[in-house]
Amino acid sequence: MDFEASQPIVKSEFIAVVLAGFGRELQPLTSNHGDEPCPKALLPIGNKPMIDHVLAWLEPSGITDVLLVCPTPHRRSIADHVGSDASASFPSLRIDLQTYGDPQDSSFGTGSILRTFAHRIDRDFVVLPCDFIPPPSLQLTTVLNKFRMESASDGSILTSTWYEAPPQADKPSGDEWGPHASPTSIVWDERSESLLQIEVPDSIARKTDDIEIEMSLLSMYPRLKLTNKLQDSNVFVCHRSVLELLRKKRRLESLGKGFLPWLCKINHRRSKKQAYKTLLQPYRKMPTLANALKNSTLNEPGTVTYKEEDDGRITTNHGPSTRVGLIVHKAGDGIAARASNLYNYLDINRRFLEQASQNQTGPPAKVPLVDAKAQISVDSSIGQSTRVEERAVIKKSVVGRHCVIGKMAKIVGCVILDHCVVEDGAKLEGCILGGSTKVGAKAELLKCVTQAGFEVDAGGHYRNAKLEISDWTTAGAYDDEESDEDEESGEESDDV
Amino acid sequence: MSSEQPHQTPQQGRESSQPLRSPKTMTKAERRELQEKQRAAKASAKASGQANKPATKQPEGGGEKSSGKPSGKQGSGGGPSTQAQTLHQRRGSRVGGDIPRLGGGPGGNIVSDLSSRSINPRGVRIFSHFGLQQKSGAGKGLIHPAVVRLGLLFSNFQITGANARCLATLITFKHVIQDYTTPRNNTLTRHLMNHLSAQISHLVAARPMSVTMGNAIRQLKVEISGVDIDLPEQDAKESLCEKIDNYIQERITVAGQVIAQSAGFKIKNGDVLLTYARSSVVEQVLLQAHKEGKSFSVYVVDSRPMLEGKKLLAALTSAGIPCTYLLLSAIGSVIAEVSTVFIGAHSLHSNGAVHSRAGTALVSMMAKQHSIPVVVCCETYKISETVQLDSFTKNELGPMNGAFSIFPISIPRESLATENTANLEILNPLYDLTPPRNITAVVTEVGVIPPTSIGTIHMALGRMI
């Protein structure tokens, strides 16, 4: 009997890098609860932590190695979660948890994170944000297959995924919780499914009405499409050599908003291509199918990217094609979303409820601790061990675990995290309550977000407010329209 | 016809008014209605997830045409009697696992495109015995990533053509062998064979293997089994890679050059040549002849859906050869002016038949009728031991949409017939068979031979494959 673990004959092809960010845009939900942090990755969507959704999407695609990167203060909570029942539900994933820098240092963008951990990434990798919720119709395997095919046939170096934003009909009006995400314009080519240019809203001296398209780009791709309806999912499948390029460009902090637009420019600017050609070459571990492609009957003559010289070197006709491919996911096939700000978060939860209510065949099972006289609509989701007292009305809401909902409470369209207490007679509409929030009796909250551990006093009325612990401790007057928008609107870094 | 036609029954009353009349007394139309209802009921019962029942006997209304089997069996064309039905069904079940079944039977090989076909139980019977290949999963962990990529390239028709596919396969297998390490308590010869077999089945699942791939792999297996057991692993791997390189060099690259030379003798100044679709060998022949300074013109005949001729046209015109491009339907108008026809082959069979891109048979037949010599350019490694008499038993259906993106984007997709609809089914066979009587000569690297001697080549050279 062979006791030694046999070396795998085939090394796995990809490593997944899951970036769990701080979640600044989801404050106050992600602010500290007392001293404990509430990581964004563990915020539940449909009563399942966000990170579980990402890992569940990752698993069927056959990737086994996962590098999970989180801010240092969150390490313990995430390690607990990953080590406990998450690993049981994802048996094939080997999750390696790493932390990075000082969370208050807002200049730590996704690009810097990848640079820091470049030594742990030795093959082609997939970058995933922790807040991307894919629809069931989009498989990670599809994205991976596209990358595999394109990098083998014409040397594409990165495949990005863009999705059509969900229809705007049900967006809440107004900016109660901070500004909406502004749409980014991109230029892409439909025939070859390549991403050509990303317009970055540059705050410095920008002529906001002009988009410059270079002639070299136009001559390579005469038929372009310009759209601002697509949003970046921040899911990138990259060739290993992209990391080398990233190392060179230290100034580019953010992957999606800084590095990627720059990368798109390499393909059509000959000078840049020459400069970076050597960086891109040595990592092609896959066999070059140049000879085969030359003989292929459907091959376009003259666009063969590789040419074997007489002395065995591989030189190129036009330079290696450093194309950035993209996959466009239409809204009609299922809604994808990123829980990057509070609106999206609420939206995604609502969508999960709709899906769950559609999937449900019969009446919801009788849950103990839920009083028989409580009215819970079919499209709500109640977590385990939650106690709902009689005559409570819950509609279209997600209620977390271990909550207590008092008598006659009315909860409509809310997301309530774990361990909350809503006392009798309280009315909540369109709110997001952080963990362990306590809402006093007969309080009324309309479209509020509370920090974890906040206590709303009995009879308090709040509307469109972000309620944070600091407000509570001051015990001063509670204004309407209180918001910390100045913190949010100035942010340039992209949060994952 | 087994059931009797009750001609003497008057056309009394509609069926709906007397639903309990025995089928024998119903009119033909009524029996058909009844059958349709039963079939619809069965289909809906199936859709609610019932187990797959074997095909039930149709009610005795066997007089109608096309009483399909509601178990989802393909192909209920023609007007079978009940005996023919059961016979067909039995034959169908013998043919094996690639018959699609609604709801997934033990064969398990549900082909996604065909499921849309089987909605219509009166589907087309022709070619129903092979369907489109299903894309296999991302690999069971043992599939080398290079092989995964190759499978994707195959199934998306990025690499097409017998030579290209074989080259790609061999290059990839060289890579696989280089990355391979023998596990403990195993010998290289035995375990590598198993390892490669797993990779091969992945490729076959992506797209059926071509004869060239098959021959090359067979040769590779012979070499592997001949590896000395005492050889250290690295040496064994290197020798295998070297053998693969030699095979590519001898039987593909150099063979192509020799064929270009020999076929070049058949081209004289002022010739008008004709070729069909795109063969890498014929392309080499033409380019070589042009480089030697001969002046000739070429008719490039092309057909949908692959439209490979366009790529050949681009290659020839950029070299400076005067060309004319036409579709297959126009060949009658130009064939009289042609002096020689050059075609390529996917494979040659022992009876002299040429298995090649669909449409080649037509071209060679036309040429023969006009007494124009038809020259097939083909390396010896494309020779297959089998005998083939028609293009129905062994063929491949190409994808009907997407993969060959031939229509300009400006044409709205809705106006094109790219999907199966209720009354329209699209079949796209990729190959056809040219009988030996239409072929004048076959140019191989070992000489110019008549087609009927193809089966003797290997024997004459004293080699196995």
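Residues numbered from 1 in each chain as written. Chains lettered and ligands numbered in written order. Predicted model: local features only at pLDDT ≥ 70, side-chain atom pairs only at ≥ 80, totals over all residues. Heavy atoms only, no water.

S.K.: Before we go on, may I ask you to explain the overall build of chain B in this structure?
M.R.: Of the regular secondary structure elements, chain B holds 13 helices and 10 strands. Put simply, chain B has 465 residues, and 49% of those count as buried. Sequence-distant contacts in chain B: of pairs separated by 6 or more residues, those separated by 24 or more amount to 75%. Split by element, the accessible area of chain B, about 21300 Å² in all, is 55% carbon and sulfur. (Helix = DSSP H or I, 4+ residues; strand = E, 2+ residues; numbered from the N terminus. Buried < 20%, exposed > 50% of the residue type's maximum accessible area, 1.4 Å probe, protein only. Contact = heavy atoms within 4.5 Å. Areas by Shrake-Rupley, 256 points an atom, 1.4 Å probe, with all protein chains shown as cover.)

S.K.: Even after reading the chapter, I still don't get helix α6 (residues 188-206) of chain B, so can you show me in this structure?
M.R.: Side chains three or four residues apart in an α-helix point the same way, a direct result of the helix having 3.6 residues per turn. Residues and elements named next belong to chain B. Over its 19 residues, α6 extends 27 Å from the first C-alpha to the last, a length consistent with the 27 Å expected when each residue adds 1.5 Å. All of the buried residues in α6 are L188, T189, H191, L192, H195, L196, Q199, I200, H202, L203 and A206. Close packing links the buried residues of α6 with α4 (145-155), α5 (162-179), α7 (211-225) and α8 (233-264). (Expected span 1.5 Å × (residues − 1).)

S.K.: I would appreciate a short explanation of the sheet that holds strand β5 (residues 347-348) of chain B in the present structure.
M.R.: Residue and element names in this part refer to chain B. Taking strand neighbours across the sheet as the criterion, the three strands line up as β5-β6-β8 in an open arrangement whose pairing is antiparallel. Across the chains shown, the open sheet's two edge strands, defined by having one partner strand only, are β5 and β8 (431-434). In the sheet, β5 pairs with strand β6 (residues 354-357) via two bridges, with the strands oriented antiparallel. Bridge assignment links L348 to a residue of β6, and that residue is V354. (Pairing = 2+ DSSP bridges.)

S.K.: How should the domain arrangement of chain B be read in this particular structure?
M.R.: Note on interface size: it is often stated as the accessible area lost on association of the parts. Residue and element names in this part refer to chain B. For chain B, the domain assignment lists domain 1 (140-255) and domain 2 (267-461). Distance from the C-alpha centre of domain 1 to the C-alpha centre of domain 2: 28 Å. Roughly 1500 Å² is buried in total at the junction of domain 1 and domain 2, and carbon and sulfur atoms are behind 53% of that figure. Of all residues in domain 1, the largest losses of buried area upon contact with domain 2 belong to F157, V211 and R251, amounting jointly to 36% of the total for that side. Here E396 makes a salt bridge to R207, at a shortest N to O gap of 2.8 Å. Our enumeration of links across domain 1 and domain 2 arrives at eight residue pairs in polar contact (both at pLDDT 80 or more). Only α5, α7 and α8 provide two or more residues apiece to the side of domain 1 that touches domain 2. Classifying every residue of the side of domain 1 that touches domain 2 gives eight nonpolar, six polar and three charged. (Domains from an automatic or database assignment. Buried area = accessible area lost by both parts, 1.4 Å probe. Salt bridge = Lys/Arg side-chain N within 4 Å of Asp/Glu carboxyl O. Polar contact = N/O pair within 3.5 Å; in protein donor to acceptor, adjacent residues only side chain to side chain. Nonpolar A, V, L, I, M, F, W, Y, C, P; charged D, E, K, R; others polar.)

S.K.: I keep staring at the pattern of salt bridges and nothing clicks. Help me out?
M.R.: Pairing is possible between side chains of opposite charge, provided their charged atoms come close. All names here are of chain A. Applying the stated criterion to the full structure yields 23 salt bridges over all chains. Of the charged contacts, one joins R94 and D65 as a salt bridge, the two residues approaching to 2.5 Å between their closest N and O atoms. Here the residue R94 occupies a position in strand β5 (residues 94-100), and D65 occupies one in strand β4 (residues 65-71), the gap between them amounting to 29 residues. Here D65 falls in the buried class, since its relative accessible area comes to 8%.

S.K.: So what exactly am I meant to see when it comes to the sheet that holds strand β31 (residues 455-456) of chain A here?
M.R.: The pairing of strands in a sheet comes from backbone hydrogen bonds and takes either a parallel or an antiparallel form. All names here are of chain A. Judged by pairing direction, the sheet is parallel, and its five strands sit side by side in the order β19-β22-β25-β28-β31 without closing on themselves. Every other strand in the sheet has two partners, leaving β19 (387-388) and β31 as the edge strands with one partner each. By the bridge criterion, two bridges tie β19 to strand β22 (residues 404-405) in an arrangement that is parallel. Among the inter-strand pairings, V388 is bridged to a residue of β22, identified as I405.

S.K.: What is the right way to look at the domain arrangement of chain A in this model?
M.R.: All names here are of chain A. As far as domains go, chain A holds domain 1 (15-170 + 179-281 + 319-343) and domain 2 (368-472). Across the boundary between the two partners, domain 1 contributes 12 residues, which contact 19 residues of domain 2. Classifying every residue of the side of domain 1 that touches domain 2 by side-chain character gives six nonpolar, six polar and no charged.

S.K.: Teacher, can you tell me more about the packing of aromatic side chains here?
M.R.: Centre-to-centre distance and the angle between the planes together describe a pair of aromatic rings. Inspection of the entire model under this criterion finds five aromatic pairs over all chains. Taking 6.3 Å as the distance between ring centres and 85° as the angle between the ring planes, the aromatic pair formed by Y247 of chain B and Y381 of chain B counts as edge-to-face. Within this pair, whereas Y247 of chain B is found in helix α8, its partner Y381 of chain B is found in the loop between β7 (374-377) and β8, the two being separated by 134 residues in sequence. A single burial state applies to Y247 of chain B and to Y381 of chain B, both of which are buried. Taken together through their ring pairs, the aromatic side chains of W57, F132 and Y163 of chain A make up a single cluster. Above the face of the F154 of chain B ring, R165 of chain B is positioned so that its terminal group lies 5.7 Å from the ring centre. (Phe/Tyr/Trp six-rings, centres within 6.5 Å; stacked < 30°, edge-to-face > 60°. Lys NZ or Arg CZ within 6 Å of the ring centre and 35° of its normal.)

S.K.: Got a minute to help me understand the nonpolar core in this structure?
M.R.: For soluble globular proteins, nonpolar side chains are generally found buried alongside one another. Formed by 42 residues in total, the largest nonpolar core has its most connected members in L289 of chain A together with I159, F173 and L192 of chain B. Broken down by secondary-structure element, the contributors of at least two residues to this core are α4 (140-153) and α9 (290-295) of chain A together with α4, α5, α6, α7 and α8 of chain B. It is α5 of chain B that provides the largest number of residues to this core, a total of nine residues. When near neighbours in sequence (up to four residues on either side) are disregarded, I159 of chain B contacts L289, L293 and S296 of chain A together with L150, L153, F154, A164, R165, A168 and R207 of chain B. Of all hydrophobic cores here, the second largest spans 38 residues; its members include I15, I113, F117 and I157 of chain A. (Core = buried A, V, L, I, M, F, W, Y, C linked by side-chain atoms within 4.5 Å.)

S.K.: Help me out: how do you make sense of the environment of I224 of chain B in this one?
M.R.: Residue and element names in this part refer to chain B. Positionally, I224 belongs in helix α7. Along the chain, I224 and R31 lie 193 residues apart, while their C-alpha atoms are 63 Å from each other. Every residue in contact with I224, bar those within four places of it in the chain, is listed here: T189, L192, M193, L196 and L240.

S.K.: What exactly am I supposed to notice about unusual backbone geometry here?
M.R.: Outside of glycine, negative phi angles account for most residues, and trans bonds account for most peptide bonds. Going from R304 of chain B to P305 of chain B, the amide bond is cis rather than trans, its omega being -5°. Checked against the element boundaries, P305 of chain B lands in the loop between β2 (296-302) and α10 (309-319). Its identity is not glycine, yet R391 of chain A carries a phi of approximately 60°, on the positive side. Assignment of secondary structure puts R391 of chain A in the loop between β19 and β20 (393-395). For R391 of chain A, a relative accessible area of 49% gives the class partly exposed. Notably, K447 of chain A is not glycine yet its phi reads approximately 55°, a positive angle. Looking at where K447 of chain A falls in the secondary structure, it is placed in the loop between β29 (444-446) and β30 (449-450).

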